[in-house]
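# Residue-level structural notes
In case you want the letters, here they are:
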Amino acid sequence: MFLQALKLIEKYDRIVVHRHTHPDGDAIGSQTGLKELLQLNYPQKKIYAVGDNPGRYGFVEGSAPQEIADETYDGALAIVLDCGGSGLVSDDRYKLAAATLRFDHHLFAEQFCDVEIVDTSFESCCGLIAQFATECGWKWNKRAATAIFTGMVTDSGRFRYDSTTARTLKLAAMLLEQGVDTSEVYVPLYAESYASAKLRAQYVLKIQFTPNGAAYIYTTKEELASLGVSEFTISRGMVGVMNDLEGVKASVNFTETDKGVLCELRSATLNINRIAVKYGGGGHLKASGATVADRETAMQMLNDLDKLCKGEDI
């Protein structure tokens, strides 16, 4: 499966690594980890990593993006990680590269790179990169292993989600053998300010329920502005307050923005991806997202989610 990807990597002396916008731990971990692995195993090559700010995952060593000129892409290979669609790539200059390669674990939506390794059986893109590096016989160091471990932890929900397999744990064990100090990952990853805890408490009180077991939160544009935090902090950050509630079969967090209503859907047992796809989004079977035009459309999505919880077709 990996031979074409390895051939591309070995062919080009200049490589630029990309990932999706508004990065999560898997996007940052896979990008930072792969960049470090490439530098370690191909010291003669020039390796770059670009994108927007790593945000709360800036604690990952080496995660700060680099500023590079357009000319850097001349005769170079661009690698896109953890990105299910071309419109989600942070820095679309990857299109300027001589060749493009993608590693991803999301449900396939479109082909936008020359060579694509898309495998939804992996819990994370970091897990896919760990398997790739292992099969290539690459050397590891602590820095690369720590970055990759971080992405595996975050995208598997601390190894709780059912995407976690025996392979996940074997790869995680291999990473720990490289000297990963879990406290260097868990302490900054799960540290929470009082302001954040207070915000989370506010959002617990905003939860509403449909008749058939769907939980939802709706944040208006005015409410978002009054909170003084980013739309990502609310949209992606607050969907988790509904995840472990007893009796909840699925959940959706609606956040009004200038771009439309951001919709984050989650379920521990149901395939909510088909609802996201119906409304122009995508992602994983049990964790997906979409952006819709207005509140009316968001409520149509909620109605579909309630039908899904009831066992009806949508």
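Cut-offs and rules
- Along each chain, the written sequence defines residue order, and numbers are assigned to residues from 1.
- With pLDDT at 70 or above as the cut-off, local features in this predicted model cover only qualifying residues; side-chain atom pairs require 80 or more to be listed or tallied, and sums for whole chains, interfaces and linings still use all residues.
- Values shown for side chains rest on all heavy atoms present in the structure; no hydrogens or waters enter the calculation.
- In this description a helix means any DSSP run of H or I spanning at least four residues, a strand means any run of E spanning at least two, and both kinds are numbered starting from the N terminus.
- Partly exposed describes any residue whose relative accessible area lies between the buried limit of under 20% and the exposed limit of over 50%, with all areas from a 1.4 Å probe on protein chains only and scaled to the type maximum.
- Charge assignment: positive for Lys and Arg, negative for Asp and Glu; neither His nor the chain ends contribute.
- By salt bridge we mean one thing: a side-chain nitrogen of Lys or Arg within 4 Å of a carboxyl oxygen of Asp or Glu.
- Only heavy atoms enter the contact rule, under which two residues are in contact if any of them lie within 4.5 Å.
- The criterion for strand pairing is that DSSP finds at least two bridges linking the strands in question.
- Axes here refer to lines fitted to C-alpha atoms; in helices the fit is confined to the stretch in contact. Angles between the N-to-C directions go from 0 to 180 degrees.
- Take the number of residues in a helix, subtract one, and multiply by 1.5 Å to get its expected span.

As recorded in an unreviewed UniProt entry, the protein goes by Bifunctional oligoribonuclease/PAP phosphatase NrnA and comes from Candidatus Fimimonas merdipullorum.

### Remarks on the side chain of Asp119
For Asp119, the position within the fold is in the loop between strand E5 (115-118) and helix H3 (125-136). Here Asp119 occupies a buried position and makes no salt bridge, while the nearest side chain of opposite charge, Arg167, is found at 4.9 Å. Not counting chain neighbours up to four residues away, the residues in contact with Asp119 comprise Met1, Asp104, His105 and Leu128.

### Section: the sheet that holds strand E3 (residues 77-81)
The strand order E2-E1-E3-E4-E5 describes an open sheet built from 5 strands, whose pairing is parallel. Edge positions in the sheet fall to strand E2 (46-49) and E5, since each of these pairs with one other strand and no more. Strand-to-strand, the axes of this sheet are offset by a mean angle of 15°, without reference to chain direction. Strand direction decides the pairing type here: E3 and strand E4 (residues 99-104), joined by 5 bridges, are parallel.

### Observations concerning helix H11 (residues 295-310)
If you check H11, its first and last C-alpha atoms are 23 Å apart, about what 16 residues at 1.5 Å a residue would give, namely 22 Å. For H11, every residue scored as buried is listed here: Ala298, Met301, Leu302, Asp304, Leu305, Asp306, Leu308 and Cys309. Looking one or two places after H11, you find Gly311, whose phi comes out positive at around 95°.

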